[in-house]
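Okay, here's what each chain looks like letter by letter:
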Amino acid sequence: MPTIRFKVTTTATPDQFVAGLTDFGPDRRKLFANSADSFLEVHEQGAGHADVTEGSVGIWERLDYDWSDPAHVVLTTTDSNVFGGRSGHTYTLTRRTDGTTEVDVVVVREGRNLRGRLLSALLGTVGRGLLKRRFENTVKAIEARNRDA
C-alpha cells in the first residue's frame, strides 16, 4: 500500500487553502484536475465536514472530508471503484513566519481490486511526481483565485 508524502509552500493562508479544498461548487475541476463536474456529488455538508463523491476518467471515490481542525484536514475514502482500505489524503497546514503556508501532504492508496492495486503500485513509484505536480497546479489555482478576489 503506497504512502506518498510531499510538501508544498503557498502564499495562500491556511483558511484560503481550506476554502479552496472544500469548495464543492461548479467548476471544481479548475482547482482539482481529477474532479470532473459530472462525477461530483455532495451527499452531505456541514460545519467542518462533507461527504462527497468525486473523480474523473472512470475513477471515482467517495470521501469523508473533515476540516474541523483547519490546520489538519483529513479526507478518508469510504467507497471507490478502485481504492479502499486505508486510502485517503491528509493535509497538514503550517503558517510560516514569512507569511506563507507549508502544506504537508500524505496520500495513501490501497487498491481494492486488480485495477486499484495496479494504480496504487504506479502511484507509489512513478506517479509520485505526477501527484505532486498536479497538487502544485491546485495550489497555484487557489493562489490565483485569492489574488483575483
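Scoring rules and cut-offs
- Residues numbered from 1 in each chain as written.
- Predicted model: local features only at pLDDT ≥ 70, side-chain atom pairs only at ≥ 80, totals over all residues.
- Heavy atoms only, no water.
- Salt bridge = Lys/Arg side-chain N within 4 Å of Asp/Glu carboxyl O.
- Helix = DSSP H or I, 4+ residues; strand = E, 2+ residues; numbered from the N terminus.
- Buried < 20%, exposed > 50% of the residue type's maximum accessible area, 1.4 Å probe, protein only.
- Core = buried A, V, L, I, M, F, W, Y, C linked by side-chain atoms within 4.5 Å.
- Contact = heavy atoms within 4.5 Å.
- Arc of directions from axis to C-beta.
- Phe/Tyr/Trp six-rings, centres within 6.5 Å; stacked < 30°, edge-to-face > 60°.
- Pairing = 2+ DSSP bridges.

Caption draft 1: Seen up close, the pattern of salt bridges. By the definition in use, this model includes ten salt bridges. A salt bridge links Asp23 to Arg145, with the nearest nitrogen and oxygen atoms 2.7 Å apart. Note that Asp23 is positioned in the loop between helix 1 (14-21) and strand 2 (41-46) and Arg145 in helix 3 (residues 127-148), a separation of 122 residues in sequence. Owing to a relative accessible area of 29%, Asp23 belongs among the partly exposed residues under this scheme.

Caption draft 2: How the structure looks around the nonpolar core. If you look at the biggest cluster of nonpolar residues, it comprises 30 residues, and the most contacted ones within it are Phe17, Leu21, Tyr65, Tyr91 and Phe135. By residue number, the principal contributor to this core is helix 3, which donates four residues. Once residues within four sequence positions are removed from consideration, Phe17 is found in contact with Ala12, Tyr91, Leu93, Val103, Phe135, Val139 and Ile142.

Caption draft 3: Structural context of helix 1. Taken as a whole, helix 1 has its buried residues at Pro14, Phe17, Val18, Gly20 and Leu21. Taken down its axis, helix 1 places every buried residue within 160° of arc, on the same side.

Caption draft 4: The arrangement of the packing of aromatic side chains in detail. Considering all chains together, one arrives at five aromatic pairs under this definition. For the pair Phe24 and Tyr65, a centre-to-centre distance of 4.9 Å together with 80° between the ring planes defines the contact as edge-to-face. Taken as a pair, Phe24 in the loop between helix 1 and strand 2 and Tyr65 in strand 4 (residues 59-66) lie far apart in primary sequence, 41 residues in all. On the accessibility criterion, Phe24 (9% relative accessible area) is buried. Their ring planes at 20° and their centres at 5.7 Å tell us that Tyr91 and Phe135 sit as a pair that is stacked. Pair noted here: Tyr91 is in strand 6 (residues 88-95) and Phe135 is in helix 3, with a separation of 44 residues, a long-range link. The same class applies to Tyr91 as to Phe135, namely buried. Taken together through their ring pairs, the aromatic side chains of Phe6, Phe17, Tyr91 and Phe135 make up a single cluster.

Caption draft 5: Focus on the pairing of strand 2. Bridging between strand 2 and strand 3 (residues 49-56) involves five bridges; their strand directions are antiparallel. In the strand pairing of strand 3, Gln45 is matched with Ala50. Remark: two residues form the turn of the hairpin made by strand 2 and strand 3, two consecutive strands paired antiparallel; Gly48 in that turn has positive phi of roughly 75°.

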